[in-house]
Amino acid sequence: MPLSKTRTSFYRRLYVAHLIDTGLAASVPAIVEISGMPRRTAQDTLAALGELDIRCEFEQSEGERHQIGRYVIRDWGPISPAWLERHAGEIAEALGYPLPGA
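The paragraphs below set out a description of the structure included in this document. (Residues numbered from 1 in each chain as written. Predicted model: local features only at pLDDT ≥ 70, side-chain atom pairs only at ≥ 80, totals over all residues. Heavy atoms only, no water.)

1. Topic: the packing of helix H1 (residues 5-21) against helix H2 (residues 28-35)
Reasoning step 1: Viewed as axis vectors pointing N to C, H1 and H2 meet at an angle of 115°, and their least axial separation amounts to 11 Å. If you check the angle between H1 and H2, you find them roughly perpendicular. Remark: the crossing between H1 and H2 carries right-handed chirality. Only Ile 31, Ile 34 and Ser 35 of H2 make contact with H1, whose side of the interface consists of Tyr 15, Val 16, Leu 19 and Ile 20. (Axes fitted to C-alpha atoms, helices over the stretch in contact; angles between N-to-C directions. Helix = DSSP H or I, 4+ residues; strand = E, 2+ residues; numbered from the N terminus. Parallel < 35°, antiparallel > 145°, perpendicular 65-115°, else oblique. Left-handed = near helix turned anticlockwise from the far one by under 90°. Contact = heavy atoms within 4.5 Å.)

Below, the structure written as structure tokens:
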């Protein structure tokens, strides 16, 4: 049974937050590379993390200019990162993305 648009969007946000928090992908180009999602989708997903009360911030690299840095998760809000860690593979598979760290 295919995922609904709502569930796909929710899973995509969780997956991106997981990639950032685990250090697998902390920039838009890295998210695109590891997941295969379009750049615009990655950007939109990052912008939408706040709708889940996940506080994700861009951290500028010291001494760098022009948005050189990485994203970090500052607060997970109501989401359990431990639950997400256990289910990241299932979420990636449901979305058709490569398994994290594979």
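2. A word on unusual backbone geometry
Reasoning step 1: Despite not being glycine, Asp 53 has its phi angle at roughly 65°, a positive value.
Reasoning step 2: Turning to its location among the elements, Asp 53 is positioned in the loop between helix H3 (39-48) and strand E1 (55-60).

3. Quick word on the packing of H1 against H3
Reasoning step 1: Orientation of H1 relative to H3, taken along the N-to-C sense of each, is 90°, at an axis distance of 9 Å. Comparing their axes, H3 and H1 come out roughly perpendicular. Facing H1, whose interface residues are Arg 12, Arg 13, Val 16 and Ile 20, H3 presents Thr 41, Thr 45, Leu 46 and Ala 48.

4. Notes on the packing of aromatic side chains
Reasoning step 1: On inspection of all chains with the given rule, the structure shows 3 aromatic pairs.
Reasoning step 2: Aromatic pair Phe 10 and Tyr 11: ring centres 6.3 Å apart, planes at 40°, arrangement tilted.
Reasoning step 3: Classification of Phe 10 by relative accessible area gives partly exposed; the value is 33%.
Reasoning step 4: On the basis of an interplanar angle of 70° and a centroid distance of 5.2 Å, the ring pair of Phe 58 and Tyr 71 is categorised as edge-to-face. Taken together, the residues Phe 58 in strand E1 and Tyr 71 in strand E2 (residues 69-75) connect sequence positions 13 residues apart. (Phe/Tyr/Trp six-rings, centres within 6.5 Å; stacked < 30°, edge-to-face > 60°. Buried < 20%, exposed > 50% of the residue type's maximum accessible area, 1.4 Å probe, protein only.)

That's the geometry; what it means functionally is another story.
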